[in-house]
Every structure is written in C-alpha cells, then in structure tokens.
Amino acid sequence: MTNPELFKHAMRHVPTGVTVVTSLKDGEPRGITVNSFASVSLDPPSLLICVNREARSYLFISTSRIFCVNVLAGNQRSLAEHFSGKVRELQFADVGYAIDATGAPVLDGSIAHFDCEVAQEYSVGSHSILIGNVLSCKSRPGSPLGYFNGGFHDFGIHVD
Ligand SMILES: Cc1cc2nc3c(=O)[nH]c(=O)nc-3n(C[C@H](O)[C@H](O)[C@H](O)COP(=O)(O)O)c2cc1C
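Residues numbered from 1 in each chain as written. Predicted model: local features only at pLDDT ≥ 70, side-chain atom pairs only at ≥ 80, totals over all residues. Heavy atoms only, no water.

A separate point is the pairing of strand β2 (residues 19-25). Burial runs high along β2: six of the seven residues are buried. Here β2 hands over to strand β3 (residues 28-34) after two residues, with Asp26 in that stretch at a positive phi of 50 degrees. Sheet topology places β2 next to strand β6 (residues 66-71); four bridges connect them, and they run antiparallel. Residue pairing for β6: Val20 is matched across the bridge by Asn70. (Buried < 20%, exposed > 50% of the residue type's maximum accessible area, 1.4 Å probe, protein only. Helix = DSSP H or I, 4+ residues; strand = E, 2+ residues; numbered from the N terminus. Pairing = 2+ DSSP bridges.)

Shown next as structure tokens:
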C-alpha cells in the first residue's frame, strides 16, 4: 500500500467537477459538497458517489435511500463552500431550490441534476460507494465549477 500523503498529493493533480449531493429525511433537507461522482451504467441509468460514513449527510441518504446530485456552475463556488462547511442546522435557510422526482432539493442555478434512489452500497474504508438509479435528470446551458490542486476554478468551458 502506498503512503496516504503521496496518494493525497497525486489526487491533487486530478481535475474534477463539483457537485452538491442533497437528500431529505423527515422533511428536513441536507446537502454535502462531493467531487467523487461518476457515471456507472446506461442500462439502467446509474451513477456513483462516495460519501464519508461520518458525514451528517450519510445518515440522511442511508435512511431515506434517496439523493440528488447537483452539478455546480462556475459562479456557485460559495455554495460549494457552504455545503462543505460545518453548518449543523437550517442549512437551506438562504438556498433556493425546487424538487423533482424524489423530493431532495434541486439547487437553483446548477447546470445539471440527477435525482436518484439508492440501488446498492459498498463500504470501503471510511467511505461508502453509493450506486444510484437515476429516476430523473435535467441539464441547462452553463459553465461548470472545477476543483483542482485543492482549490476551486472556473475551467472556462461552456456546455449548451
Ligand atoms: C471540493 C470538495 C469535494 C468533496 N468531496 C467529498 C466527497 O466526494 N465525499 C465526501 O464524503 N466528502 C467530500 N467532501 C467533504 C465534505 O463536503 C465535508 O466533509 C462536509 O463538511 C461534510 O458535511 P456533513 O458532515 O454536514 O454531511 C468534499 C469537500 C470539498 C471542498
């Protein structure tokens, strides 16, 4: 096994998009900034996220079995910071959102969202790989927020 610090350093060289994964439990919404997001399969349409089992959001997702992946736009860096912070309550007090198939928040201004129900879960070390079947998804024109070398970046690219 390699040294975790070497692994962390090498991962800083990997550019990713940035998402906020939302969920809903007993009527309370919750969100977490996540960049471990990938498409898994087309048939059925499915994707994966990796969530630390010590995160408050993990309890919401594992209990409700639903989550929505919101892909952030380049101008939504403050949302990425908000949802990676330690806000314990009223996390959505100043955040605009709608709902789609599952009831989990669809953030205003995100460039795409994927509304999912949990199909499978694999526990790996501190995290769980959560496979979601995509019940509904939509996309909008825009530029993505990027994460690279430990910081947020506008990659300067656009999708219609
Ligand atoms: C760019 C970025 C990407 C992140 N990606 C993940 C991730 O994929 N999985 C995860 O569990 N935490 C990830 N985090 C950390 C969580 O957002 C952070 O620990 C959050 O405070 C957890 O909140 P909670 O305990 O209230 O759910 C990421 C943070 C940042 C800034």
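Still more ground to cover, so stick around.
We now examine the packing of aromatic side chains. If you walk through the whole model with that rule in mind, you get four aromatic pairs. Each ring, one from Phe37 and one from Phe114, has its centre 5.7 Å from the other, and the planes form 45 degrees; the classification is tilted. Within this pair, whereas Phe37 is found in strand β4 (residues 37-42), its partner Phe114 is found in strand β9 (residues 112-124), the two being separated by 77 residues in sequence. With a centroid separation of 5.2 Å and 50 degrees between ring planes, the pair formed by Phe83 and Phe92 is classed as tilted. Counting every residue linked through ring pairs, the aromatic cluster contains Phe83, Phe92 and Tyr97. We note Lys25 situated over the ring of Phe60; from NZ or CZ to the ring centre the distance is 4.8 Å. (Phe/Tyr/Trp six-rings, centres within 6.5 Å; stacked < 30°, edge-to-face > 60°. Lys NZ or Arg CZ within 6 Å of the ring centre and 35° of its normal.)

What follows deals with helix α1 (residues 4-11). Summarising burial for α1: zero of the eight residues are buried, a small minority. For α1, the N-terminal cap is Asn3; the gap from its side-chain oxygen to the backbone nitrogen of Glu5 is 2.6 Å. (Polar contact = N/O pair within 3.5 Å; in protein donor to acceptor, adjacent residues only side chain to side chain.)

Here we take up a nonpolar patch on the surface. The grouping of Phe7, Met11 and Val14 at the surface amounts to a nonpolar patch, some 290 Å² of accessible area in total. Within the secondary structure, Met11 sits in helix α1. (Patch = residues over 30% accessible without salt bridge, like charges linked within 9 Å, V, L, I, M, F, W, Y side chains within 5 Å. Areas by Shrake-Rupley, 256 points an atom, 1.4 Å probe, with all protein chains shown as cover. Salt bridge = Lys/Arg side-chain N within 4 Å of Asp/Glu carboxyl O.)

The local shell around the ligand holds 19 residues, among which Arg30, Thr33, Ser36, Cys50 and Asn52 are the closest. For the ligand, an oxygen atom lies 2.9 Å from a polar atom in the backbone of Thr33. Between Ser36 and the ligand, the recorded distance is 2.6 Å, taken from a side-chain N or O atom to an oxygen atom. Against a free-state accessible area of 650 Å², the protein chains account for coverage of 82% of the ligand. For the shell around the ligand, the elements supplying multiple residues, two or more each, are β3, β5 (45-52) and α2 (56-64). At four residues, β3 tops the list of elements feeding residues into the shell around the ligand. Looking at the shell around the ligand, its residues break down into eight nonpolar, eight polar and three charged. (Near = heavy atom within 4 Å. Nonpolar A, V, L, I, M, F, W, Y, C, P; charged D, E, K, R; others polar.)

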